[in-house]
Amino acid sequence: MEYQNDQEYMEPEEEWEREGLLDPAWEKQQKKTFTAWCNSHLRKAGTLIESIEEEFRNGLKLMLLLEVISGETLPKPDRGKMRFHKIANVNKALDFIASKGVKLVSIGAEEIVDGNLKMTLGMIWTIILRFAIQDISVEEMTAKEGLLLWCQRKTAPYKNVNVQNFHTSFKDGLAFCALIHRHRPDLLDYSQLSKDDPLHNLNLAFDIAEKHLDIPRMLDPDDLVNTPKADERAIMTYVSCYYHAFQGAQQVNTWSHTSVPDERAVMTYVSSYYHTFTGVQKAEMAANRICKVLKVNQENERLMEEYERLTSDLLEWIRRTLPWLQARQQDNTLADLQKKLEEYRLYRRNHKPPRVEQKARLETNFNTLQTKLRLSNRPAYLPSEGKSVTDIANAWKNLEGCEKSFEEWLLSEMMRLERLEHLAKKFKHKAEIHESWTAGKEEMLQSQDFRHCKLNELKALKKKHEAFESDLAAHQDRVEQIAAIAQELNALDYYDSATINSRCQSICDQWDRLGTLTTSRRNALEETEKLLEKIDQLHLEFAKRAAPFNNWLDGACEDLVDMFIVHTIEEIQGLIDAHNQFKATLGEADKEYQAIISLVTEVQHMAQQYQIPGGLDNPYTTLTAQVISSKWGEVRKLVPQRDGTLQAELQKQQNNESLRRQFAEKANGVGPWIEKQMDAVAAIGMGMHGSVLEDQLNRLKDYEAAVVGNKAIMDEMEKIHQAVQESMIFENRYTQYTMETLRVGWEQLLTSINRTINEVENQILTRDSKGISQEQLNEFRSSFNHFDKNRGGRLAPDEFKSCLISLGYSIGKDRQGEIDFQRIISIVDPNSTGFIQFDAFLDFMTRENVDSDTAEQVIDSFRILAGDKPYILPEELQRELPPDQAEYCIQRMQPFTGSGAPPEALDYMSFSTSLYGESDL
């Protein structure tokens, strides 16, 4: 077709009238969309428009637009600039539209020439309907319904996309992105899009469509987002461009890339194939091929179901176990915690080992399934959401972390409760001693006995009070100790803190009253001191010396029966040394005792000699020689008892030290052995020894047997560890290994061996099924290891590309080379993990040399069984296939929807493509 290039033909009219129309949202959207649509066609003729209501007024560009989109030549336009010339040109355009069977209602040439925007938009919409949308045909629906159905089918698999109309369904931009991703997944990553960011989605879709699909931006993202209901015509116009862009691309694909090949080409191929063999031979071969494919598919489905079942069971067990491990009840007793510790040991011995085996079996089954799917040209298996191998590993890691924290909590809580019980007993003991001492002191201080006594008795009362004040000051330290113990019990959250606090408060209140009463009595005695002169020096001396000595005796008795808690030999040895130092002071104490008793003896002698009334009564103190003698005898009795207690604790700590050494001796042997075995298994998994796969497998099984054979050592260490915990041993300076680290290392070693055995068996399966030699396998492994710089058993995409090039695989450096490489990546890393395992690498390097079944071959086999019909009947399947596989096909094949077929006819084509993941069946 020849376009008009004359300058006058393209020149817009200089004088035009401006009509004062409102500019509502729909009018604005239509104007922008229709202008962009017109320009997408006018640019083919080397021109564009800016104002749709102005530049179509003379009819020249309108006629040019119709010539471009129809491919036909319109009558020659009038070249004048008068109004009637413009009307004539517009009428020629409208007549051409009417000649195409389009009914123009209320649209006249005068409105277009006058620049009526609404009429101009209505005319352009009519052109769009006739030349861009009317030819859309989907299942014999109208153009609008067909375009909507096409959008629904293409976006059905996508999350957050529900196309029900051409206004609100496209507001968030996800529908546009889904259409692009469905046909060109290389242009955007749909999984990264969010429904909450519509402006980003719309701009992304419009930019990609303009840059890669040659679809101009016809819509404004801000208008779509801010308008409650977008204009339907504008969106239909823009979506129709997507339809034509993608449907046009599909029609030029070759037969090998078409889901439904050309019927005549297929019939020609099948006819030549049919005459090669006899009817019976063809049916038998076709049935065998179908049986083989179905058998593989059935086995794969069984493995998938078993994986889902095992995964659900393991995750449910972990879910039920975590609350028990996370429980932290604070009001436990020491007996309760011992019971919980025993329950935890029972869980580690009896409940967890079967789950460890279940996890290993689950991972083995998953790897085996993926290998079988690769070898049979099936797509990789993607587990249900939340049931991937990574999900299981994360759940298992969380379980192990909870186990560790639970065991640590148990041990720390036992230490805390043991400390609390010790402090509570100590508090009770000191409080009882103090309350015994203070008994009757308030009544004594409140007594008015000095008002009626003699002079010497009054002086005695004064001295006695001075001795009491000395005694009171000496007891201040004990009161502070009682308060400090109560404060520590509160800080450690003792369960009976209320009783402790109440008793401590009572002691402190009484102590304050004693201080006040003591001051009051002393003041009263000083007021009457002028009447008293005589003093008994011996009684005074006794009182002064007996009170401190009595306090020392009380303190010694307390120390000798004081309870202690130690964890090491050094701590108990320190207590023994302190006790020995105390015994060294007993000689001086005995001298003091003899001196005090001699004072009493002297008083008795003087009282008898001079017959002093009441001379035997010491007015300065309530202490007597009998009390001092009794307490001194008690101290001498407690010293050997304390010796025995300390020696028993020393023996206990020596036994604990022996347990530490026994555990350390075993742990220091098992720990490095496990690490050495882990390194050896990792080296085999990397193929670093270069031996044949069978030798590697045998060596791995030898390692596995060695690990199982050494289980007795771990059991023995568990017994030693149990004895260590029962003895309340919380640290071991002789080894860096703990039982927990050894358990985890042991389990990881078993898991590593089983996983490596599985990988080697899969490599043997791949080698045997692909028919490659050991030398080739060694070469592949050597190249793989060379580029695996961090020895992680996997390659990054850049390392993988370098490895392919080193093996002679040609990958261009241009854009096509990058596209080819990304296609290879999608094969060797179907789950998009970002890494390529050796199994996938080996499978890729060998798969092109093996004759594998394809969907087209299975379709040809079914067509033979069906006698060249496009459908197959149940009785034909039952006649040619084994009963179980015939029933398998009947249950899964869709009814045939073509014409001229019996009601029971089945669609074997869609069924065959579904076996290879090539349809949505």
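Residues numbered from 1 in each chain as written. Predicted model: local features only at pLDDT ≥ 70, side-chain atom pairs only at ≥ 80, totals over all residues. Heavy atoms only, no water.

Caption draft 1: Structural view of the overall build of the protein. Scanning the protein from N- to C-terminus turns up 35 helices and 4 strands. Counting over 921 residues, the protein shows a buried share of 45%. In the form shown here, the protein has an accessible surface area of approximately 48,200 Å², with 51% of it arising from carbon and sulfur atoms. (Helix = DSSP H or I, 4+ residues; strand = E, 2+ residues; numbered from the N terminus. Buried < 20%, exposed > 50% of the residue type's maximum accessible area, 1.4 Å probe, protein only. Areas by Shrake-Rupley, 256 points an atom, 1.4 Å probe, with all protein chains shown as cover.)

Caption draft 2: Just the side chain of E740, in detail. Along the chain, E740 turns up in helix α27 (residues 739-770). Of the residues examined, E740 reaches a relative accessible area of 14% and is grouped as buried. In terms of polar contacts, E740 uses its side chain to reach the side chain of R743, at 3.1 Å. In contact with E740, not counting residues within four places along its chain, are R348 and E407. (Polar contact = N/O pair within 3.5 Å; in protein donor to acceptor, adjacent residues only side chain to side chain. Contact = heavy atoms within 4.5 Å.)

Caption draft 3: Here's a closer look at the nonpolar core. In this structure, W37, I127, F176 and Y242 are the most contacted members of the largest nonpolar core, which totals 80 residues. Ranked by residue count, the leading element in this core is helix α7 (residues 117-133), at 10 residues. Non-local contacts of W37, meaning those with residues more than four positions away in its chain, are made with L65, I69, I127, I128, A132, M218, T237 and C241. L697, F780, L804 and M845 belong to the second largest nonpolar core, which has 47 residues in total. (Core = buried A, V, L, I, M, F, W, Y, C linked by side-chain atoms within 4.5 Å.)

Caption draft 4: Representation of the packing of aromatic side chains in the model. In this structure the tally under the stated criterion is 29 aromatic pairs. For the pair F170 and F176, a centre-to-centre distance of 4.9 Å together with 50° between the ring planes defines the contact as tilted. With respect to class, F170 is no different from F176; both count as buried. Between W317 and Y347, the ring centres sit 6.2 Å apart and the planes meet at 15°, which makes this aromatic pair stacked. Residue W317 is located in helix α14 (residues 279-326), and its partner Y347 is located in helix α15 (residues 334-375); the two are separated by 30 residues in the primary sequence. Y347 gets classed as buried once you look at its relative accessible area, which sits at 4%. By way of ring pairs, the aromatic residues F166, F170, F176, F206, Y238, Y242 and F246 are connected into one cluster. Geometry around F131 places R130 over its ring, the cationic atom sitting 5.1 Å from the centre. (Phe/Tyr/Trp six-rings, centres within 6.5 Å; stacked < 30°, edge-to-face > 60°. Lys NZ or Arg CZ within 6 Å of the ring centre and 35° of its normal.)

Caption draft 5: Region of the structure containing empty space enclosed by the protein. As enumerated under the stated definition, the model contains 2 cavities of 30 Å³ or more in all. Each pocket or cavity is described by its volume, and for the second largest cavity that value is around 50 Å³. Residue lining of the second largest cavity: A360, E363, T364, N367, T751, N754 and R755, and that is the complete set. Those elements giving two or more residues to the lining of the second largest cavity turn out to be α15 and α27. Looking at the lining of the second largest cavity, the element that brings in the most residues is α15, giving 4 residues. (1 Å grid on protein atoms, 1.4 Å probe; cavity = no way out; pocket = protein on both sides within 12 Å on 5 of 7 lines; lining within 4 Å. Points joined across faces, edges and corners; volume = space filled by probe spheres on them.)

Caption draft 6: Representation of the pattern of salt bridges in the model. Applying the stated rule across the entire model yields 49 salt bridges. The partner of E588 in a salt bridge is K591, and the shortest N-O contact between them spans 3.8 Å. In this pair, E588 and K591 are both assigned in helix α23 (residues 586-610), 3 residues apart and thus about one turn of the helix distant. Classification of E588 by relative accessible area gives exposed; the value is 55%. Its relative accessible area of 56% is what places K591 among the exposed residues. R743 is the partner of E740 in a salt bridge, and the nearest nitrogen-oxygen pair spans 3.1 Å. With a gap of 3 residues between them, E740 and R743 both fall in helix α27, about one helical turn apart. An identical accessibility class is assigned to E740 and R743; each is buried. Residues participating in the shared-partner salt-bridge network are R348, K352, E403, E718, E740, R743 and E747. (Salt bridge = Lys/Arg side-chain N within 4 Å of Asp/Glu carboxyl O.)

Caption draft 7: Representation of helix α25 (residues 693-709) in the model. Across its 17 residues, α25 extends 24 Å between first and last C-alpha, which sits within 8% of the 24 Å expected from 1.5 Å per residue. Among the residues of α25, those classed as buried are L693, Q696, L697, L700, Y703 and V707. Buried residues of α25 fall within an arc of 120° about the axis and therefore sit on the same side. Set apart from the buried face of α25 by more than 90 degrees, the exposed residues are D702 and G709. (Expected span 1.5 Å × (residues − 1). Arc of directions from axis to C-beta.)

Caption draft 8: Representation of the packing of helix α9 (residues 174-183) against helix α10 (residues 198-212) in the model. Following both chains from N to C, one finds α9 and α10 inclined at 35°, their axes separated by 8 Å at the closest point. The element α9 and its partner α10 pack so that their crossing is left-handed. Touching L174, F176, C177 and I180 of α9 are N201, L202, A205, F206, I208 and A209, all from α10. A per-class count over the contact of α9 with α10 returns 9 nonpolar, 1 polar and no charged. (Axes fitted to C-alpha atoms, helices over the stretch in contact; angles between N-to-C directions. Left-handed = near helix turned anticlockwise from the far one by under 90°. Nonpolar A, V, L, I, M, F, W, Y, C, P; charged D, E, K, R; others polar.)

Caption draft 9: Focus on the confidence of the model for the protein. Averaged over all residues, the pLDDT of the protein equals 79, while 86% of them reach at least 70. Under a pLDDT of 50 for its full length, residues 1-23 has, in the predicted model, 47 contacts with residues more than four places off or in other chains. Residue range residues 531-535 is modelled with pLDDT below 50. Its contacts to residues more than four positions away, or to other chains, number 14 contacts. (pLDDT = per-residue confidence, 0-100.)

Caption draft 10: Representation of the environment of R348 in the model. For R348, the position within the fold is in helix α15. Here R348 falls in the buried class, since its relative accessible area comes to 11%. In this view, R348 contacts P353, E403, E740, R743 and E747; residues no more than four positions away in its chain are not counted.

Caption draft 11: Region of interest: helix α8 (residues 143-155). Here α8 is 13 residues long and its end C-alpha atoms lie 18 Å apart, about the 18 Å a rise of 1.5 Å per residue gives. Listing the buried residues of α8 in full gives A143, G146, L147, L148, L149, W150, C151, K154 and T155.

Caption draft 12: How the structure looks around the environment of A524. Position of A524 among the secondary structure elements: in helix α20 (residues 497-527). Overall, A524 belongs to the buried group, its relative accessible area being 12%. Here the alpha-carbon distance between A524 and Q448, two residues 76 residues apart in the chain, equals 9.6 Å.

Caption draft 13: Examining unusual backbone geometry more closely. One non-glycine residue, S832, lies in positive phi territory at about 55°. For S832, the position within the fold is in the loop between α30 (815-828) and β2 (836-837). Residue S832 is classed as exposed on the basis of its relative accessible area of 63%. Phi is positive for D868, which is not a glycine, with a value near 65°. Turning to its location among the elements, D868 is positioned in the loop between α32 (855-865) and α33 (874-880).

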